[in-house]
Amino acid sequence: MKTKEPLSGKYTGFPWGHVIGYMGSILLTLVALWLAVNPPFSQGGIITILLVLAVLQILIQLIFFMHITESRGPAFHTLAIVLGFLFTFAVVAGSIWIMTFNSQVQ
């Protein structure tokens, strides 16, 4: 466990959280790759599983690398995270919309 020295502000100890986050990210990536290369389910099932894996990947990144659970006091960055999810949703939904209706034009 990392502890912060009071005067220097530097972290001491081995960063186990980073190692666990890294291994979790690698595992989720390999599972997603395996599902994409060797699809054992229907296309709808694979898309659903990949979306769940993507959400888990986001959570691992936020918790282990962005340290959103380590702040003391009011969580002002929560609004920024929600706004980031909103922008991400808008970009993905807009891209799907454009790709869907662009394929129908002749």
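Analysis parameters
Residues numbered from 1 in each chain as written. Predicted model: local features only at pLDDT ≥ 70, side-chain atom pairs only at ≥ 80, totals over all residues. Heavy atoms only, no water. pLDDT = per-residue confidence, 0-100. Helix = DSSP H or I, 4+ residues; strand = E, 2+ residues; numbered from the N terminus. 1 Å grid on protein atoms, 1.4 Å probe; cavity = no way out; pocket = protein on both sides within 12 Å on 5 of 7 lines; lining within 4 Å. Points joined across faces, edges and corners; volume = space filled by probe spheres on them. Nonpolar A, V, L, I, M, F, W, Y, C, P; charged D, E, K, R; others polar. Phe/Tyr/Trp six-rings, centres within 6.5 Å; stacked < 30°, edge-to-face > 60°. Buried < 20%, exposed > 50% of the residue type's maximum accessible area, 1.4 Å probe, protein only. Axes fitted to C-alpha atoms, helices over the stretch in contact; angles between N-to-C directions. Parallel < 35°, antiparallel > 145°, perpendicular 65-115°, else oblique. Left-handed = near helix turned anticlockwise from the far one by under 90°. Contact = heavy atoms within 4.5 Å. Expected span 1.5 Å × (residues − 1).

S.K.: Tell me about the confidence of the model for the chain, and please be specific about residues and values.
M.R.: Mean pLDDT over the chain works out to 82, with 80% of the residues at or above the 70 mark. Helix α1 (residues 16–37) holds the highest mean pLDDT among the elements of the chain, 93, whereas strand β1 (residues 3–4) holds the lowest, 54.

S.K.: Lay out the layout of surface pockets with the relevant residues and their values.
M.R.: Approximately 170 Å³ is the volume found for the second largest pocket. Contributing to the lining of the second largest pocket are L51, A54, V55, I58, F85, T88, F89 and V92. Looking at the lining of the second largest pocket, the elements that each hand over two or more residues are α2 (43–65) and α3 (77–102). For the lining of the second largest pocket, the per-class residue count stands at seven nonpolar, one polar and no charged.

S.K.: Describe the environment of Q57, naming the residues involved and giving the relevant values.
M.R.: If you trace the backbone, Q57 turns up in helix α2. Remark: the alpha-carbon pair of Q57 and L27, spanning 30 residues in sequence, is separated by 9.7 Å.

S.K.: Mind laying out the packing of aromatic side chains, listing which residues take part and the relevant values?
M.R.: The geometry of an aromatic ring pair comes down to the distance between the two centres and the angle between the two planes. Throughout the structure, instances matching the rule amount to two aromatic pairs. Ring geometry for W97 against F101: centres 5.4 Å apart, planes inclined by 55°, an arrangement best described as tilted. Pair noted here: W97 and F101 are both in helix α3, with a separation of four residues, about one helical turn. On the basis of relative accessible area, W97 is assigned to the exposed category, the value being 59%. Here F101 falls in the partly exposed class, since its relative accessible area comes to 45%.

S.K.: Break down the packing of α1 against α2 for me, citing the residues and quoting the values.
M.R.: Where α1 contacts α2, the two axes come as close as 10 Å, and the packing angle between them is 165°. By the criterion of interaxial angle, the relationship of α1 to α2 is roughly antiparallel. Judged by the sense of rotation from one axis to the other, the crossing of α1 with α2 is left-handed. Of the residues in α2, those touching α1 at G17, H18, I20, G21, Y22, G24, S25, L28, T29, V31, A32 and L35 are I46, I49, L50, L53, L56, Q57, I60, Q61, F64 and F65. Within the contact of α1 with α2, the residues separate by chemical class into 14 nonpolar, eight polar and no charged.

S.K.: I'd like to hear about the side chain of S25, residue by residue, with values.
M.R.: Note that S25 resides in helix α1. Note on S25: relative accessible area 9%, which makes it buried.

S.K.: An account of α2 is needed here, citing residue identities and associated values.
M.R.: End to end, α2 covers 32 Å across 23 residues, agreeing with the expected 33 Å (1.5 Å per residue, within 8%). Within α2 the residues assigned to the buried category are I46, L53, Q57, I60 and L62. Next to the buried residues of α2 lie α1 and α3. Phi for H67, located one or two positions after α2, is positive at around 55°.

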